[in-house]
Amino acid sequence: MDNLNLINLTVNFVKKELQNAEAGHDWWHILRVWNNAKLIGSTEKANMLVVELAALLHDIADSKFNNGDEEIGPQTAADFLRSVNADTSVVHEVEMIIRHMSFKASFDEQSYFSPELAVVQDADRLDAIGAIGIARAFTYGGFKNRELYNPEIKPDLNLTKEAYKKSTAPTINHFYEKLLLLKDKMNTVTGKQLAAQRHDFMLQYLDHFYREWNGEA
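The text that follows walks through the structure, step by step, so that each part is easy to find. (Residues numbered from 1 in each chain as written. Predicted model: local features only at pLDDT ≥ 70, side-chain atom pairs only at ≥ 80, totals over all residues. Heavy atoms only, no water.)

**With respect to the overall build of the protein**
Here is step 1 of the chain: A count of helices and strands for the protein gives ten helices and zero strands.
Here is step 2 of the chain: Shown N-terminal to C-terminal, the secondary structure of the protein runs as helices and strands in the order α-α-α-α-α-α-α-α-α-α.
Here is step 3 of the chain: Against the globule reference of 17 Å for 217 residues, the protein gives a C-alpha radius of gyration of 18 Å, in line with a compact fold.
Here is step 4 of the chain: Dimensions of the protein, computed from the C-alpha atoms along their principal axes, are close to 60 × 35 × 30 Å. (Helix = DSSP H or I, 4+ residues; strand = E, 2+ residues; numbered from the N terminus. Rg over C-alpha atoms; globule rule 2.2 N^0.38 Å.)

**With respect to the pattern of salt bridges**
Here is step 1 of the chain: By the definition in use, this model includes seven salt bridges.
Here is step 2 of the chain: For R99, the salt bridge is made with E71, and the minimal N-O distance between the two is 2.6 Å. Residue R99 is found in helix α5 (residues 88–100), and its partner E71 is found in the loop between α3 (48–57) and α4 (72–83); the two are separated by 28 residues along the sequence.
Here is step 3 of the chain: For E95, the salt bridge goes to R99, with nearest N and O atoms at 3.5 Å. Linking E95 with R99, this pair stays in helix α5, spanning four residues, or about one helical turn.
Here is step 4 of the chain: Classification of E95 by relative accessible area gives buried; the value is 15%.
Here is step 5 of the chain: Taken together, the shared-partner salt bridges in this structure form one network comprising R32, D127 and R136. (Salt bridge = Lys/Arg side-chain N within 4 Å of Asp/Glu carboxyl O. Buried < 20%, exposed > 50% of the residue type's maximum accessible area, 1.4 Å probe, protein only.)

**Concerning the nonpolar core**
Nonpolar side chains tend toward joint burial in soluble globular proteins.
Here is step 1 of the chain: Grouped together as the largest cluster of nonpolar side chains are 61 residues, with contacts concentrated most on V14, L57, L81 and V94.
Here is step 2 of the chain: Tallying contributions element by element places α3 first for this core, with eight residues.
Here is step 3 of the chain: Non-local contacts of V94, meaning those with residues more than four positions away in its chain, are made with V50, L53, A54, L57 and L81. (Core = buried A, V, L, I, M, F, W, Y, C linked by side-chain atoms within 4.5 Å. Contact = heavy atoms within 4.5 Å.)

**Topic: the packing of aromatic side chains**
Here is step 1 of the chain: As enumerated under the stated definition, the model contains twelve aromatic pairs in all.
Here is step 2 of the chain: Between Y205 and F209, the ring centres sit 6.1 Å apart and the planes meet at 45°, which makes this aromatic pair tilted. Of the two residues, Y205 and F209 are both situated in helix α10 (residues 189–213); the distance of four residues between them amounts to about one turn of the helix.
Here is step 3 of the chain: By relative accessible area, which is 12% here, F209 ends up buried.
Here is step 4 of the chain: Each residue in the set F138, Y149, F175, Y205, F209, Y210 and W213 is aromatic and connected to the rest through ring pairs, giving one cluster. (Phe/Tyr/Trp six-rings, centres within 6.5 Å; stacked < 30°, edge-to-face > 60°.)

**Considerations on the environment of G133**
Here is step 1 of the chain: Following the sequence through the fold, G133 ends up in helix α7 (residues 130–143).
Here is step 2 of the chain: As a C-alpha pair, G133 and G24 span 109 residues in sequence and 8.8 Å in three-dimensional space.
Here is step 3 of the chain: In this structure, G133 is in contact with D127, A128 and L179, ignoring residues within four places of it in sequence.

**With respect to helix α2 (residues 27–41)**
Here is step 1 of the chain: Helix length check: α2 (15 residues) gives 20 Å between terminal C-alpha atoms against 21 Å at 1.5 Å per residue, within 8%.
Here is step 2 of the chain: Along α2, the positions that sit buried rather than exposed are W27, H29, I30, V33, W34, N36, A37, I40 and G41.
Here is step 3 of the chain: The secondary structure elements touched by the buried residues of α2 are α1 (3–17), α3, α6 (115–126), α7 and α10.
Here is step 4 of the chain: The N-cap residue of α2 is D26: its side-chain oxygen and the backbone nitrogen of W28 are 3.2 Å apart. (Expected span 1.5 Å × (residues − 1). Polar contact = N/O pair within 3.5 Å; in protein donor to acceptor, adjacent residues only side chain to side chain.)

Take a look at the structure:
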């Protein structure tokens, strides 16, 4: 099977699987990450077939929507790719990227890294920050019925992996516990440049948020 057919089959599979997904982790999120990955990958020495497949499949079964199961995502992706006879090496690389690319995976000692992981991880993190990142954060907070902000609940800047996964804190806290940390975790030159712009936008947003919250001019 040629690469284009494999990509098209994957797109159709992902669209079908995520047709009822939460709005921050739906097909449109996947499409943005895919586009980000192609942009970043164009300046990196990476296997773009692996990059595109991993970008398309990275949220096929997100653990936070599957009772915290961190294996269901990479396993679902690998099962699909094997079902369409993708090369064994490609299946392995995509599976490893999905297993190691998430923010919560960064709490563990990193045992795997590749140029392809660098690209896809940056592409996904870009969609978690900036204007769209803000929209996604509040969309997920609403999905989980969380407070927008509570000045009595301070951000926890020393979260463990388990505490992060179980957090029910207000959405504004998520900026400090994850979103504002991502700029300094980017891997690629292009990713760092784009992240800096989006990071600055989030700081401006927070400044406006607090002024409006406190009834200031």
